[in-house]
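Structural overview
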Amino acid sequence: MHMDWVLVAVSSAADARLGELAKNSVSAVGGTPNGWSSLSDTGPLQAGALRFSAASESLGALRAALEAAGPIDAAILPAARFGRKRLIISDMDSTIIGQECIDEIADAVGLKAKISEITERAMRGELDFEAALTERVAMLKGLPLDALARTLEERITLNPGARTLIATMKAHGAATLLVSGGFTYFTSRVAALAGFESHQGNTLIDDGAALTGEVGQPILGRVAKRTALLEAAASLGAAAEDAIAMGDGANDLDMIRASGLGVAYKAKPVVAAEAAGSIRHTDLTAALFFQGYKASEFVRG
């Protein structure tokens, strides 16, 4: 049975045929394309929204066709769910920032290779997140606290489009929450840099001079991220469908599944396979296009 869908396509390629490509891709999988609306009235990216009807079973093939067509980021969602969200909840490490904080901290004690391997496996969903975090933090026992400040200053950078994404959604009345399996030392500072109104994370325990190798309990992991989404939405008098959730790792899956628009940012395959939207080629402002914002409505942060 055919349903009504919206495909949002975003590209940085200098090619004016994005709408034509989207329509052809829909037709190739047995769908019926309807109207194409351009969203990129200004700016360096091309973007537009295509309404179409198709069987849900054809969406996997449609995604594959778009990926094969070139450097295109896309979101495919039911037409009823297309529109601006009242809440954005986002992961921090490798989503809003370009690094995994714990891997960068580990470099100060010569353990980056070992710890990053564990991080990678945890983000792919191969390891229990809470156990993997406990193991990695234990390796940091004795690390002087000034190493955290140096890591933040010298190694941590916002991903392109982060400030504009958050500034635009705030300007249009959305609540903004940064939620991370990382640490509050970084979430508090990254939230301020990117413009988030609030943040949640885990706590590194210290003795006043150095890390003790322990992490505060309970650990904020996969289930807690979903809970954070539900509670933040409820506080607005909204539903989970009114939220956009973004992340890259397996511990983001539950909040992505619960949201009205889940977005995978340069994500592990297990996450990209389940998110309605995927950003691999452009920048975080693609998440605005996925909600129907026009480039002229962006607020540059």
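Counting of residues starts from 1 at the beginning of each chain's written sequence and follows it residue by residue. Where totals are concerned, whole chains, interfaces and linings use all residues; where local detail is concerned, this predicted model gives features only for residues with pLDDT of at least 70, and gives and counts side-chain atom pairs only at 80 or more. Note that the side-chain values use all heavy atoms of the structure and ignore hydrogens as well as water.

Observations regarding the packing of aromatic side chains
Aromatic rings from Phe, Tyr and Trp, with only the six-membered ring used for Trp, were paired whenever their centres fell within 6.5 Å, and each pair was classed as stacked if the ring planes differed by under 30 degrees, edge-to-face if by over 60, and tilted otherwise. Tallied over the full model, the rule gives two aromatic pairs. Two thresholds decide whether a charge sits over a ring: the Lys NZ or Arg CZ must be within 6 Å of the ring centre and within 35 degrees of the ring normal. Over the ring of Y293 we find R84, and its NZ or CZ is 4.3 Å from the ring centre. Above the plane of the ring of Y185 lies R189, whose end atom (NZ or CZ) is 3.8 Å from the centre.

A closer look at the domain arrangement of the protein
Taken domain by domain, the protein holds domain 1 (1–82) and domain 2 (83–101 + 157–300). Taking only C-alpha atoms into account, the centre of domain 1 sits 24 Å from that of domain 2. In what follows, a contact means two residues having at least one pair of non-hydrogen atoms within 4.5 Å. With 23 residues of domain 1 at the contact, the number on the domain 2 side is 25 residues. Counting the surface domain 1 buries against domain 2, the share from its top three residues, L39, D73 and R81, is 32%. The working definition used for a salt bridge is a side-chain nitrogen of Lys or Arg within 4 Å of a carboxyl oxygen of Asp or Glu. Our enumeration of links across domain 1 and domain 2 arrives at one salt bridge. In this structure, the salt-bridge partner of R81 is E241, at a minimum N-O distance of 4.0 Å. Numbering of helices and strands runs from the N terminus; a helix is a DSSP stretch of H or I covering at least four residues, while a strand is a stretch of E covering at least two. Elements with a minimum of two residues in the side of domain 1 that touches domain 2: strand 1 (2–11), helix 2 (59–69) and strand 4 (72–78). Here the side of domain 1 that touches domain 2 takes six residues from strand 4, the largest share from any one element. Of the residues in the side of domain 1 that touches domain 2, the class split is twelve nonpolar, six polar and five charged. Where each domain starts and ends comes from a domain assignment, either automatic or drawn from a database. Once two parts are put together, the accessible area they lose, assessed with a 1.4 Å probe and summed over both, is termed the buried area. Following the grouping adopted for this structure description, the nonpolar residues are Ala, Val, Leu, Ile, Met, Phe, Trp, Tyr, Cys and Pro, the charged ones are Asp, Glu, Lys and Arg, and the polar ones are all others, Gly among them.

Some details on helix 2
Because the α-helix completes a turn every 3.6 residues, residues three or four places apart line up on one side. Any residue under 20% of the maximum accessible area for its type is buried, any over 50% is exposed, and the rest in between are partly exposed; the area is computed with a 1.4 Å probe on protein chains only. The set of residues buried in helix 2 consists of L59, L62 and L66. In a view along the axis of helix 2, the buried residues occupy a sector of 55°, so they form one face of it. Of the surrounding elements, those touching the buried residues of helix 2 are strand 1, helix 1 (18–28), strand 3 (46–55) and strand 4. Our arc is simply the arc of the directions from the helix axis toward the C-beta atoms.

Here's the deal with the pattern of salt bridges
All told, the structure shown has 16 salt bridges when counted by the stated rule. The residue D254 makes a salt bridge to R222 at a minimum N-O spacing of 2.9 Å. Taken as a pair, D254 in helix 11 (residues 253–258) and R222 in helix 10 (residues 222–235) lie far apart in primary sequence, 32 residues in all. With its nearest N and O atoms 3.9 Å apart, the salt bridge here joins D248 to K268. Pair noted here: D248 is in the loop between strand 10 (243–247) and helix 11 and K268 is in the loop between strand 11 (261–265) and helix 12 (269–272), with a separation of 20 residues, a long-range link. Judged by its relative accessible area of 1%, D248 is buried. Overall, the relative accessible area of 14% leaves K268 in the buried class. The network of salt bridges with shared partners includes E120, R121, R124, E126, D248 and K268.

Digging into the layout of surface pockets
Cavity and pocket criteria rest on a 1 Å grid covering protein atoms alone: a 1.4 Å probe that fits but cannot get out defines a cavity, protein on both sides within 12 Å along at least 5 of 7 lines defines an open pocket, and an atom within 4 Å of a point defines a lining residue. Grid points are joined across faces, edges and corners, and a volume is the space filled by probe spheres set on the points. Of the pockets and cavities examined, the largest pocket occupies roughly 310 Å³. In this structure, the largest pocket is lined by 18 residues; those nearest its centre are R63, I76, E274, A275 and A276. Sorting the residues of the lining of the largest pocket by element identifies helix 2, strand 4, helix 11 and strand 11 as the ones contributing at least two each. Residues from two domains meet in the lining of the largest pocket; each of domain 1 (1–82) and domain 2 (83–101 + 157–300) gives at least three.

A look at the nonpolar core
Grouping buried Ala, Val, Leu, Ile, Met, Phe, Trp, Tyr and Cys residues that are joined through side-chain atoms within 4.5 Å yields what is termed a nonpolar core. If you look at the biggest cluster of nonpolar residues, it comprises 63 residues, and the most contacted ones within it are I96, L165, F186, M246, F289 and F290. Domain assignment of the residues forming this core places at least three in each of domain 1 (1–82) and domain 2 (83–101 + 157–300). M246 has contacts with I88, I89, S90, D91, T95, I96, L165, M255, V263, L284 and A287, leaving out every residue within four places of it along the chain. One finds L87, L177, L220 and V271 within the second-largest nonpolar core, a separate group that totals 19 residues.

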